[in-house]
Amino acid sequence: MSSHANHDDRLTLELTTNPGLEAIVRAELTEHLAAAGLDTAAYEFPERTDKGRVPVRIAARETELRPLALRLRSIHHAIRQVAAFPLVGDDPLEIIRTRLAALALPGLDTSTTFRVSSVRSGEHEFTSMDVQAAAGAGIQAGTGAPVDLRHYDVHVEVDVVGERCLVGVRWSNHPLSRRFARPFERRVAIAANVAYALLRLATTGQAPRSVLDPCCGTGTILLEAGCIHPATRLVGVDSDARCVEGAARNLAAYGLAERGRTLVGDARELDTIADAAEAPFDAIVTNPPFGRRLGRHIDFRRFYRELLVSARKLIAPDGRLVLLADRRGLFNTACREAGGWHIRDVRIVELGGIHPGIYVLTPT
Ligand SMILES: C[S@@+](CC[C@H](N)C(=O)[O-])C[C@H]1O[C@@H](n2cnc3c(N)ncnc32)[C@H](O)[C@@H]1O
């Protein structure tokens with residue numbers, strides 16, 4: 001990838017993710033940029049602490065950067081930033097309308113259509129729908145371009161973060177984290193970018209030879225593992241036979257049936273079900289029930305303890321167990337009681353309003 005020396009040519013991208021995964025996004029992007037031949041002088045991560053947003057300034061052409069950004073697996077959206085301005089005063093929506101009317105948005109003129117999306121964080125007296133309406137009216141007044149919610153040419157993003165308004169153009173029309181259109185769906189499925197983050201934390205250096213998800217649900221973690229690690233064996237276990245059958249169909253839909261197996265069983269008794277030929281696993285990666293939609297009656301201290309004892313029997317000596325646990329206090333207690341594991345890292349991630357920990361464990 002060629003790069004410009006002139007700092008004024010730099011594009012600012014805004015990459016969105018789940019709060020708590022920002023460091024993973026920076027690491028993934030850095031790898032992609034290095035692979036594309038950009039050295040560290042060609043980009044910078046401006047200091048900003050908006051949760052779930054990773055701004056980056058890069059000396060590269062849009063035509064080169066766009067396909068690279070759209071390959072990122074840890075993000076929801078890649079947005080090319082166009083403007084940022086404060087929203088101070090009595091009428092923030094009027095500020096949005098007038099600023100958008102005066103703004104030149106790349107790719108937008110009278111012959112193109114557009115739509116506006118908005119994400120709002122912080123306390124405001126207006127909704128994100130109000131922001132969309134104000135921004136849409138401003139853009140129409142400024143460019144004459146018509147709105148088309150379905151067949152738009154340009155997807156304008158107008159986000160309000162506290163007292164700032166960030167305007168950009170989305171490169172990703174659909175969330176990149178919803179990349180698996182699969183035959184078997186469940187509401188409890190995790191987003192693919194979170195699955196990617198878990199798998200990344202489970203991997204040190206080489207790709208794992210085998211990954212086990214002992215509470216596999218629809219199989220998101222196995223699908224993601226199958227896509228990022230082309231030779232890894234994939235094993236899923238779930239106590240719900242519909243999930244086991246559904247996850248198998250999902251794996252088949254992505255051409256992963258030959259490398260993958262799904263089995264009915266209990267995550268607390270893995271040694272009795274997982275095929276011994278597949279063990280030990282380099283990576284055991286899972287998001288067990290949180291006890292919100294699923295598993296409200298579970299005794300979590302006991303569940304985690306038994307799962308940890310069971311997983312300990314199948315992990316390779318240099319393997320890793322990475323799991324999401326919503327009941328962090330209970331998980332820490334269960335981990336002490338189970339023994340055999342060392343907690344190497346915990347990071348809190350936001351998933352739709354809840355804040356589980358991503359635990360990274362190695363066998364002692
Ligand atoms: C949060 S969901 C996992 C979602 C999954 N990561 C996905 O993307 O679809 C938790 C899963 O654990 C399963 N489960 C609950 N208790 C279990 C147990 N004791 N052993 C194995 N699976 C269990 C549930 O049936 C459910 O499919």
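Because the structure is predicted, anything quoted here is derived from the model rather than measured. (Residues numbered from 1 in each chain as written. Predicted model: local features only at pLDDT ≥ 70, side-chain atom pairs only at ≥ 80, totals over all residues. Heavy atoms only, no water.)

**So, the layout of surface pockets**
Empty space among the atoms becomes visible once a probe the size of a water molecule is rolled across them. The calculated volume of the second largest pocket comes to roughly 210 Å³. It is strand 13 (residues 315-325) that provides the largest number of residues to the lining of the second largest pocket, a total of three residues. The residue makeup of the lining of the second largest pocket, split by class, is three nonpolar, four polar and four charged. (1 Å grid on protein atoms, 1.4 Å probe; cavity = no way out; pocket = protein on both sides within 12 Å on 5 of 7 lines; lining within 4 Å. Points joined across faces, edges and corners; volume = space filled by probe spheres on them. Helix = DSSP H or I, 4+ residues; strand = E, 2+ residues; numbered from the N terminus. Nonpolar A, V, L, I, M, F, W, Y, C, P; charged D, E, K, R; others polar.)

**Examining the site of the ligand**
Taken together, 23 residues lie around the ligand, and Thr218, Thr220, Asp238, Ala267 and Asn287 are the ones closest in. Within the backbone of Ile190, an N or O atom sits 3.0 Å from an oxygen atom of the ligand. In this structure, Asn287 approaches the ligand through a side-chain N or O atom, which is 2.4 Å from a nitrogen atom. In isolation the ligand offers 610 Å² of accessible surface; the protein chains occlude 92% of this area. (Near = heavy atom within 4 Å. Polar contact = N/O pair within 3.5 Å; in protein donor to acceptor, adjacent residues only side chain to side chain. Areas by Shrake-Rupley, 256 points an atom, 1.4 Å probe, with all protein chains shown as cover.)

**Regarding the nonpolar core**
In this structure, Leu198, Val285, Val322, Leu324 and Ile358 are the most contacted members of the largest nonpolar core, which totals 33 residues. Those elements that provide at least two residues to this core are helix 5 (192-202), helix 6 (220-228), helix 7 (241-253), strand 12 (281-286), strand 13 and strand 15 (357-363). The element best represented in this core is helix 5, accounting for nine residues. Those residues in contact with Leu198 that sit more than four places away from it in its chain are Ile190, Ile221, Val285, Thr286, Val322, Leu324 and Ile358. (Core = buried A, V, L, I, M, F, W, Y, C linked by side-chain atoms within 4.5 Å. Buried < 20%, exposed > 50% of the residue type's maximum accessible area, 1.4 Å probe, protein only. Contact = heavy atoms within 4.5 Å.)

**Details of helix 9 (residues 328-338)**
In an α-helix, one turn spans 3.6 residues; hence positions three or four apart end up facing the same way. Listed in full, the buried residues belonging to helix 9 are Phe331, Ala334, Cys335 and Ala338. Angular distribution of buried residues about the axis of helix 9 spans 105°; they occupy a single face of the element. Tucked into the core, helix 9 has its buried residues touching helix 8 (300-312), strand 13, strand 14 (341-348) and strand 15. Looking at the residues trailing helix 9, positive phi occurs at Gly339, about 65°. (Arc of directions from axis to C-beta.)

**Side note on the sheet that holds strand 12**
Spatially, the seven strands line up as an open sheet ordered 11-10-9-12-13-15-14, and their pairing is mixed. A strand with exactly one partner marks an edge of an open sheet, and here the two such strands are strand 11 (260-264) and strand 14. Taken pair by pair, the neighbouring strands of this sheet meet at an average axis angle of 15°, ignoring direction. Direction of pairing for strand 14 relative to strand 15: antiparallel, over a ladder of seven bridges. Across the sheet, Trp341 pairs through a bridge with Pro363, a residue of strand 15. (Pairing = 2+ DSSP bridges. Axes fitted to C-alpha atoms, helices over the stretch in contact; angles between N-to-C directions.)

**Some remarks on the pairing of strand 10 (residues 233-238)**
Each regular strand displays side chains that alternate between the two surfaces of the sheet. For strand 10, the buried fraction is high: five of the six residues fall into the buried class. With four bridges connecting them, strand 9 (residues 210-213) and strand 10 associate as parallel partners. Note on strand 10: the bridge partner recorded for Ser210 is Arg233. Crossover handedness for the path strand 9 to helix 6 to strand 10: right-handed. Of the pairings in the sheet, the one linking strand 10 to strand 11 comprises five bridges and is parallel in character. Residue pairing across strands places Asp238 opposite Val264, the latter belonging to strand 11. (Right-handed = clockwise from strand over helix to strand, strands pointing away.)

**Concerning the environment of Arg115**
Residue position: Arg115 is located in strand 5 (residues 114-117). Separated by 28 residues in the primary sequence, Arg115 and Leu87 place their C-alpha atoms 22 Å from one another. Apart from residues lying up to four places away in sequence, Arg115 is in contact with Asp148, Leu149, Tyr152, Val154, His155 and Val156. Reaching out from Arg115, the side chain makes a polar contact with the backbone oxygen of Leu149 at a distance of 3.3 Å.

**Focus on the domain arrangement of the protein**
Assigned domains of the protein: these are domain 1 (7-170) and domain 2 (179-363). Contacts between domain 1 and domain 2 engage 15 residues on the former and 18 residues on the latter. On the domain 1 side of the interface with domain 2, the three residues burying the most area are Leu21, Ile24 and Arg73, jointly 51% of the side's total. Across the domain 1-domain 2 interface, the total number found is two salt bridges. Between Glu31 and Arg200 there is a salt bridge, with its nearest N and O atoms 2.6 Å apart. (Domains from an automatic or database assignment. Buried area = accessible area lost by both parts, 1.4 Å probe. Salt bridge = Lys/Arg side-chain N within 4 Å of Asp/Glu carboxyl O.)

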